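So the chains spell out like this:
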Amino acid sequence: LRDCVARLGDMSAASRACRAAPALLRLASSSHEPRRARIVARAAKGAAKRDASSGLLSGVHPESVAAVSAIAERAQAASERWGTEVTEFLDPALAADARVVIDRMADCEARPWGGYDRAERVRLVIGRREVLDGDDDDSFAALTDASNGCVALLQVSGNFMFDAADHRDFLGAALGAGIERDRLGDILVQGERGAQILATPPMAAFLSSAMTSVRKVPVAATIAPLTDLRVPPPRVDTFASVEKSMRLDAVASAGFRMSRSKMSDLIAAGAVKVNWREGAKPKTECKSGDVISLRG
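Residues numbered from 1 in each chain as written. Predicted model: local features only at pLDDT ≥ 70, side-chain atom pairs only at ≥ 80, totals over all residues. Heavy atoms only, no water.

A. Just the packing of aromatic side chains, in detail. One pass over the structure, following the stated rule, counts 1 aromatic pair. The residue whose ring lies beneath R111 is F140, and the NZ or CZ to ring-centre distance is 5.6 Å. In this structure, R123 packs its charged tip against the face of F89, placed 5.9 Å from the ring centre. (Phe/Tyr/Trp six-rings, centres within 6.5 Å; stacked < 30°, edge-to-face > 60°. Lys NZ or Arg CZ within 6 Å of the ring centre and 35° of its normal.)

Below is the structure:
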């Protein structure tokens, strides 16, 4: 897998590569263009709909309303008791929606943490600013400590020289142990040496004994401090392109430098997301600020 992040401004883009994440395009204005929550109670769903109509959840994607409503309730509770709440790992789309809603709330804020600054999947540390900036166990500094914080690092080591494993292989091995996806953060593949997996501390401890193989390769999983995390540096590639339209297939094919027909096939296969959400079509119109991700 590769990771390219491209920013199109005046139809120019930048990309950066990392084996553990999808390729991205971030669109900017151009002078050439005119704890994933499960809410099962009907009462909770009704409350989410009322909040959405009242304005707190306005603008939140329909798929995220229930989960964001639950996160907002936890934020309110943290504010009232002068404490903190930490969500499970959220995907970028859900984290963005949750942060927008919490920013609208009085006396409360949400700070993302996924183990490193450029993490894709993050946990939100929620509370009053005075609490987050404090020096006790509820502070943001304490909860993001490299050795004893809310995100733990699992080093998965094995000999993959003759049987290479990718992101999906390590993710599948972890989920195959019986845990939920929202307990796992980013997975940084390290080639023939294995991978580094970010997880909640309890799940990291569980996987350190439950994860014994990836594909058919025996592995050793050990907990390590976040200071041992090895994140590949970003690579930047700038280019210019002029397109006739802002259709997804046109913009993405230019940004990822492949034919439009091949890009259309990838979009149809579900390999392309817009703003981290599935369901994009080749004719989808892109706009300034959109993020286009390509997996594969």
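B. Seen up close, the nonpolar core. In terms of nonpolar packing, the biggest core is built from 37 residues, with I102, L124, V125, I126, V151 and L198 touching the most fellow members. Mapped by element, the contributors of at least two residues to this core are α2 (65-81), α3 (92-103), β5 (109-113), β6 (123-127) and α5 (140-143). The element that contributes the greatest number of residues to this core is α2, accounting for 6 residues. Every residue in contact with I126, bar those within four places of it in the chain, is listed here: I71, A75, A78, G83, T84, E85, T87, I102, C108, E109, A110 and L132. (Core = buried A, V, L, I, M, F, W, Y, C linked by side-chain atoms within 4.5 Å. Buried < 20%, exposed > 50% of the residue type's maximum accessible area, 1.4 Å probe, protein only. Helix = DSSP H or I, 4+ residues; strand = E, 2+ residues; numbered from the N terminus. Contact = heavy atoms within 4.5 Å.)

C. Molecular detail of the environment of S147. With respect to the secondary-structure elements, S147 resides in the loop between α5 and β7 (152-157). Under the relative-accessibility criterion, S147 is labelled exposed at 63%. In this structure, the C-alpha to C-alpha distance between S147 and L226, residues 79 residues apart in sequence, is 6.5 Å.

D. Summary view of the sheet that holds β5. One open sheet holds the 3 strands; their spatial order is β4-β6-β5, and the pairing between them is antiparallel. Of all the strands in the sheet, the pair left with one neighbour each is β4 (84-86) and β5. Strand-to-strand twist across the sheet, computed as the mean angle between neighbouring axes with direction ignored, equals 20 degrees. Sheet analysis places β5 next to β6, joined by 5 bridges and oriented antiparallel. (Pairing = 2+ DSSP bridges. Axes fitted to C-alpha atoms, helices over the stretch in contact; angles between N-to-C directions.)

E. Fine view of the sheet that holds β7. Taken together, 4 strands build an open sheet; the order of strands is β8-β9-β7-β12 and the sheet is antiparallel. What marks the edges here is a single partner per strand, and that holds for β8 (184-189) and β12 (220-224). When the angles between neighbouring strand axes are averaged without regard to direction, this sheet yields 20 degrees. Across the sheet, helix α6 (residues 167-175) is in contact with β7, β8 and β9 (194-199); its angle to β8 comes to roughly 140 degrees.

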